[in-house]
Amino acid sequence: MAMLQREGLKASRQDGRMPGWLRLINGPQTLGRGPLFWIVFVLTIGAAVVYPAFADAWSVGNTAYFFCWVFMALGLSLIWGYAGSLSFGQTAFFGLAGYTYGVVTINFGAAYGLTIVGVLLGVGMSCLGAAVLGYILFYGRISGVFLGIVTLSTTLVFATFMAQTAGSQWAIGDARLGGDNGMTGMPPLTIPWAGGDVALYSGVPLYYLLLAMLVVCYLGLRVLVNSRFGNVLVAIRENPHRAEMLGYDIRRYQLIAFVIGSGLAGLSGVLYTAWGQYISPSNMDLAAAALPIIWVAVGGRKDLTATLVGTLVVLAIFQNLTIYGSYYAFVIMGLLLVVVVVFLPEGLIPGLVKFFGRLRKRKEGMS
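What you see is a predicted model, and the numbers here were worked out from it, not measured in a lab. (Residues numbered from 1 in each chain as written. Predicted model: local features only at pLDDT ≥ 70, side-chain atom pairs only at ≥ 80, totals over all residues. Heavy atoms only, no water.)

### Considering the confidence of the model for the chain
At step 1: Model confidence for the chain is summarised by a mean pLDDT of 89, while 93% of its residues fall at 70 or above.
At step 2: Residue range residues 1-9 is modelled with pLDDT below 50. Its contacts to residues more than four positions away, or to other chains, number eight contacts. (pLDDT = per-residue confidence, 0-100. Contact = heavy atoms within 4.5 Å.)

### Comments concerning helix 7 (residues 145-163)
At step 1: Helix length check: helix 7 (19 residues) gives 27 Å between terminal C-alpha atoms against 27 Å at 1.5 Å per residue, within 8%.
At step 2: Inspection of helix 7 places Leu147, Gly148, Thr151, Thr155, Phe158, Ala159 and Met162 among the buried residues, and these make up the whole buried set. Within helix 7, the buried residues cover an arc of 105° as seen down the axis, which keeps them to one side. Set apart from the buried face of helix 7 by more than 90 degrees, the exposed residues are Val145, Phe146 and Val157.
At step 3: Those residues of helix 7 hidden inside the fold are in contact with helix 5 (90-108), helix 6 (114-139) and helix 12 (286-299). (Helix = DSSP H or I, 4+ residues; strand = E, 2+ residues; numbered from the N terminus. Expected span 1.5 Å × (residues − 1). Buried < 20%, exposed > 50% of the residue type's maximum accessible area, 1.4 Å probe, protein only. Arc of directions from axis to C-beta.)

### Re the packing of helix 4 (residues 57-82) against helix 11 (residues 250-276)
At step 1: Interhelical geometry of helix 4 versus helix 11 gives an angle of 165° and a closest axis separation of 7 Å. By the angle between their directions, the pair helix 4 and helix 11 is classed as roughly antiparallel. By crossing handedness, the relation of helix 4 to helix 11 is classed as left-handed. Note on element contacts: helix 11 touches helix 4 through Ala257, Phe258, Ile260, Gly261, Ser262, Leu264, Ala265, Leu267, Ser268, Leu271, Tyr272 and Trp275, opposite Gly61, Ala64, Tyr65, Cys68, Trp69, Phe71, Met72, Leu74, Gly75, Leu78 and Ile79.
At step 2: Each residue belonging to the contact of helix 4 with helix 11 can be placed in one class, and the counts come to 18 nonpolar, five polar and no charged. (Axes fitted to C-alpha atoms, helices over the stretch in contact; angles between N-to-C directions. Parallel < 35°, antiparallel > 145°, perpendicular 65-115°, else oblique. Left-handed = near helix turned anticlockwise from the far one by under 90°. Nonpolar A, V, L, I, M, F, W, Y, C, P; charged D, E, K, R; others polar.)

### What to know about the nonpolar core
At step 1: Counting residues in each nonpolar core, the largest one holds 92 residues, and the members touching the most others are Leu74, Met183 and Trp295.
At step 2: Tallying contributions element by element places helix 4 first for this core, with 16 residues.
At step 3: In this view, Met183 contacts Tyr99, Gly102, Val103, Ile106, Ala175, Arg176, Leu177, Gln277, Tyr278 and Ile279; residues no more than four positions away in its chain are not counted. (Core = buried A, V, L, I, M, F, W, Y, C linked by side-chain atoms within 4.5 Å.)

### Quick word on the side chain of Thr305
At step 1: Its location among the elements puts Thr305 in helix 13 (residues 304-325).
At step 2: Within the structure, Thr305 has its side chain in polar contact with the side chain of Tyr218 (distance 2.5 Å).
At step 3: Setting aside chain neighbours within four positions, we find Thr305 in contact with Leu31, Phe37, Tyr218 and Arg222. (Polar contact = N/O pair within 3.5 Å; in protein donor to acceptor, adjacent residues only side chain to side chain.)

### Some words on the packing of helix 9 (residues 228-238) against helix 11
At step 1: Interhelical geometry of helix 9 versus helix 11 gives an angle of 110° and a closest axis separation of 10 Å. One element, helix 9, and the other, helix 11, form an angle in the roughly perpendicular class. When the axes of helix 9 and helix 11 are compared, the crossing they make is left-handed. Residues Arg228, Phe229, Val232, Leu233 and Ile236 of helix 9 form the contact with helix 11, whose own contacting residues are Ile250, Tyr253, Gln254, Ile256 and Ala257.
At step 2: Here the contact of helix 9 with helix 11 is composed, by residue class, of eight nonpolar, one polar and one charged.

### Topic: the environment of Ser77
At step 1: Along the chain, Ser77 turns up in helix 4.
At step 2: In this structure the C-alpha to C-alpha distance between Ser77 and Val216, which are 139 residues apart in sequence, comes to 16 Å.

### A look at the packing of aromatic side chains
At step 1: Within the structure shown, the criterion is met by 22 aromatic pairs.
At step 2: Arranged with centres 6.5 Å apart and planes meeting at 25°, the rings of Phe37 and Phe41 form a pair that is stacked. Taken together, the residues Phe37 and Phe41, both in helix 3 (residues 35-54) and four residues apart, mark about one turn of the helix. (Phe/Tyr/Trp six-rings, centres within 6.5 Å; stacked < 30°, edge-to-face > 60°.)

### With respect to the pattern of salt bridges
At step 1: Within the structure shown, the criterion is met by three salt bridges.
At step 2: Taking the shortest distance from any N to any O, the salt bridge between Glu238 and Arg237 comes out at 2.8 Å.
At step 3: A residue is classified by how much of its surface remains accessible, and Arg237, at 18% relative accessible area, is buried. (Salt bridge = Lys/Arg side-chain N within 4 Å of Asp/Glu carboxyl O.)

### Quick word on the side chain of Thr91
At step 1: Within the secondary structure layout, Thr91 lies in helix 5.
At step 2: If near-sequence neighbours (up to four positions away) are discounted, Thr91 is found in contact with Met72, Thr155, Asn283, Met284, Ala288, Ala289 and Pro292.

### Side note on unusual backbone geometry
At step 1: Despite not being glycine, Arg141 shows a phi value in the positive range, around 60°.
At step 2: Inspection of the secondary structure puts Arg141 in the loop between helix 6 and helix 7.
At step 3: A relative accessible area of 48% means that Arg141 is categorised as partly exposed.
At step 4: One non-glycine residue, Gln277, adopts positive backbone phi at about 55°.

Here it is in structure tokens:
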């Protein structure tokens, strides 16, 4: 904790002349704070903007599919990496939001911006569910491995319940829950426009919307984790007893982080449901619940940039393994997690950053 305070003090002295929001974006709790990083960041966004002009429709839609999942990974990074609370509940809030979007849009349609209402209600339901569950967990002093067990149990109970809703009696208005077959028939995300509503199917328009949302979400989370709130979260992660002795209500901070992170999982759920016009209990089962843990752990759970990059890389690897390796994909992903945890406990991206940093210092020392 003392090291973090020294780094924060050093960074604040260096960035003293910057505007407040810019100092937070460049704060000590995130990798990448120099001009080189932001040049690479802008070039990467520029490449992502022109990417659809050089790619086929399937590749663009598949990349949009990857973008849908990154929000959930960033939320887990906030909950687990920054606040230190391991949660297997991300897919439960993903599914809750996805089903909410389906119920709203199937019953009320896509006109007049009602799909946007469905998105907001889906995310709101995830936040509400997380607030209730999180209050029970954190104010009940449940922590450590028991927090993971309870969140995993909640996820599996919800997935099992939704798998048993196959009968015609399991319907909310015109929306049938569908059991194991899942819910289908919901409209895509539709934006009201003067010349007529614009339906964002899994193509270029949806790709650009998701890209913009991802950039805003990433930058917003950088500001959050480098703010006083984020510093307190890191202090709680490093030593919760000391943070509590300093006068912080650690349960309140953990609960807020849990709600925000679960809301991001809900955002992934509604975007995925709108992208594929489909949601099912398989999106919440044991294998699905474990995948976000792998994405975040492999990339680097304690840093948003590492989580973002690592999630996109691991998603691409997993998809190719699924296509060419079938069920061996989960075995390989499990081995990857074990290797990273044993040899690079901070994650692949931070490990590579430290490795190249040592190489640079060694070259500077030799010169």
